[in-house]
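Listed below are the residues making up each chain.
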Amino acid sequence: QSMRIKENSREWEMRDSMGYSLPYNPQELLLIYSLKSHNTLTSNRIETYLQDTWRFKSNIGLFNLNYGIRISHWDWNRETLISPRVSIGLLPKNDKLSLRFATGIYYQAPFYKELRDTTFIGGMATAKLNKDIKSQRSLQFIAGMDYYYNFLRHPFKLSVEVYYKHLNNINPYAVDNMKITYMGRNDAHGYAAGLDVKLFGEMVPGVDSWLGFSLMRTMESVVGENNKYVPRPTDQLYNISLFFQDYIPGLPQYRVHVLFNWAQGLPVRAPGAIQSSSNLRAPDYRRVDLGVSRVFEKGKDPWMGRGFFKPFKEILIAFEVLNLFGFNNVNSYYWVSTIASDAQYAVPNYLTGRQFNLKLQFKF
């Protein structure tokens, strides 16, 4: 791979507070933030990988072993990465159960935005490329299982996964609405651990439903913060989701579905705030969608397969109410400053409220 990038950036922000420009100076107009960046990058990367699969039987069941190694070299920072990984799956003689385990060292090589080491002095920023940047590294352990069973004559599948990821050479970043700014340095270490559980089932034949539950904690400690761990921008302790479908007995072409989501809000930090001040968290995300649909199928509806409708195997018409209860879910924050101090106040920006949606779907 060969990469050539040329950057010529100008960024500035003028913040007005009731007719006063911030920071306030009666003698001159000052900007609260500005950035000039002139950088070029020319680099080459070479990558290769080897992988093998080995299957064998034992008295326990059928084993499936995948193992391999990835090697890459980037001439820009002269970094060579060696990434071994292995996964093993077991299908016991009881075919209702499958087990799996995987581990390995994974790297996330930096792209251009991660290379920009941005330094702020009095609100004025300069960005230079950090040639000492390293790839973020993760040592991962993942174990999971799938279990198939019948309950009240209905088929179900239970999937469970637990994982732990030890993170090194983290390049911390901050999120300001849609903008992501990286520190441009490998200044942190941390971890991510969690549990994912998902239950699939057919409450009625041919119609899938599922229930999901996730727990996750991901934290990081930045150099110079006295080993204090703070939530990473993606930290979300819990996430619950449900999708349920059903149809009217005797009239399977008329269906109803419900989608439910409830998740903890993500961490929020004021623009320019230090990493250890990540003590604000958005409210929980909640949403319920309700929909009804009618399915027209060739061979079951007499007019299907005739004239204009001849090419279609199935036509679905659905009416949905999105965000049924009109929850005010926070998307981001607009930060308001005062002239009297450096304090910033978070004003929430909300996602769209209740919506009505009409859907038409054709299958050929």
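None of these values were measured; they are calculated from a predicted model.

Caption draft 1: Spotlight on the pattern of salt bridges. In total, this model carries 13 salt bridges according to the counting rule given. In this structure, R185 and D117 form a salt bridge, with 2.6 Å as the shortest nitrogen-oxygen distance. Taken together, the positions of R185 in the loop between β13 (179-182) and β14 (188-204) and D117 in strand β8 (residues 116-121) put the pair 68 residues apart, joining distant regions of the chain. Overall, R185 belongs to the partly exposed group, its relative accessible area being 29%. Between R185 and D187 there is a salt bridge, with its nearest N and O atoms 2.9 Å apart. Linked by salt bridges that have partners in common, R100, D146 and E161 make up one network.

Caption draft 2: Focus on unusual backbone geometry. Residue R78 is not a glycine yet carries a positive backbone phi of 55 degrees. Assignment of secondary structure puts R78 in the loop between β5 (61-74) and β6 (79-92). Judged by relative accessible area, which is 62%, R78 ranks as exposed. Its identity is not glycine, yet N323 carries a phi of approximately 55 degrees, on the positive side. Tracing the sequence through the fold places N323 in the loop between β22 (314-322) and β23 (330-337).

Caption draft 3: Geometry of the side chain of D146. Here D146 shows up in strand β10 (residues 136-151). Within the structure, the side chain of D146 is placed 3.2 Å from the side chain of R100, a separation counted as a polar contact. A polar contact is formed between the side chain of D146 and the side chain of S159, at a distance of 2.6 Å. The contact partners of D146, leaving out residues within four places of it in the chain, are K96, L97, S98, R100, K157, L158 and S159.

Caption draft 4: Quick peek at the packing of aromatic side chains. Here the structure, examined in full by the defined rule, presents 20 aromatic pairs. Residues F312 and F364 carry aromatic rings whose centres are separated by 5.1 Å and whose planes lie at 50 degrees to one another, so their mutual orientation is tilted. Placement of F312 in the loop between β21 (285-297) and β22 and of F364 in the segment after β25 (355-363) is noted, with a sequence separation of 52 residues between them. F312 gets classed as buried once you look at its relative accessible area, which sits at 7%. Using a relative accessible area of 65% as the deciding quantity, one classes F364 as exposed. Feature note: the residues F296, W303, F308, F309, F312, F362 and F364 constitute an aromatic cluster, connected by ring pairs. Above the ring of Y49, the side-chain terminus of R70 is found at 4.7 Å from the ring centroid. Stacked on the ring of Y163, the Lys or Arg K165 has its end atom at 5.6 Å from the ring centre.

Caption draft 5: Looking closely at the environment of D132. Here D132 shows up in the loop between β9 (124-129) and β10. Judged by its relative accessible area of 61%, D132 is exposed. On a C-alpha basis, the gap between D132 and N186 in space is 9.0 Å, while along the polypeptide they are 54 residues apart.

Caption draft 6: Just the nonpolar core, in detail. By size, the foremost hydrophobic cluster in this structure holds nine residues: M3, I5, L41, W74, W76, Y112, L115, L129 and I133. Elements with a contribution of two residues or more to this core: β1 (2-13) and α1 (112-115). Setting aside residues no more than four positions away along its own chain, W76 makes contact with L41, T42, S43, L115, L129, N130, K131 and I133. Counting six residues, the second largest nonpolar core, distinct from the first, contains V268, A270, V330 and Y333.

The rules we used
- Per chain, the residues get numbers from 1 upward, laid out in the order the sequence is written.
- This being a predicted model, a pLDDT of at least 70 is required before a residue's local features are given, and a value of 80 or more before pairs of side-chain atoms are given or counted; all residues contribute to the totals for chains, interfaces and linings.
- Just so you know, side-chain values use all the structure's heavy atoms and leave hydrogens and water out.
- Only one rule defines a salt bridge in this text: a Lys or Arg side-chain nitrogen within 4 Å of an Asp or Glu carboxyl oxygen.
- Secondary structure elements follow DSSP: runs of H or I no shorter than four residues count as helices, runs of E no shorter than two count as strands, and numbering proceeds from the N terminus.
- Burial status follows relative accessibility: with a 1.4 Å probe on protein chains alone, a residue under 20% of its type maximum counts as buried, one over 50% as exposed, and anything between as partly exposed.
- Pairing of N or O atoms within 3.5 Å defines a polar contact, subject to two protein rules: one partner must be a possible hydrogen donor and the other a possible acceptor, and residues neighboring in sequence count only if both atoms are side-chain atoms.
- By definition, residues are in contact when any of their heavy atoms lie within 4.5 Å.
- Classification of ring pairs uses Phe, Tyr and Trp, with its six-membered ring standing for Trp, and accepts pairs whose centres are within 6.5 Å; under 30 degrees between planes counts as stacked, over 60 as edge-to-face, and the remaining range as tilted.
- Charges are assigned to positions over rings by a cutoff of 6 Å between ring centre and Lys NZ or Arg CZ, combined with an angular limit of 35 degrees from the ring normal.
- The definition of a nonpolar core used throughout is a set of buried Ala, Val, Leu, Ile, Met, Phe, Trp, Tyr and Cys residues joined through side-chain atoms within 4.5 Å.

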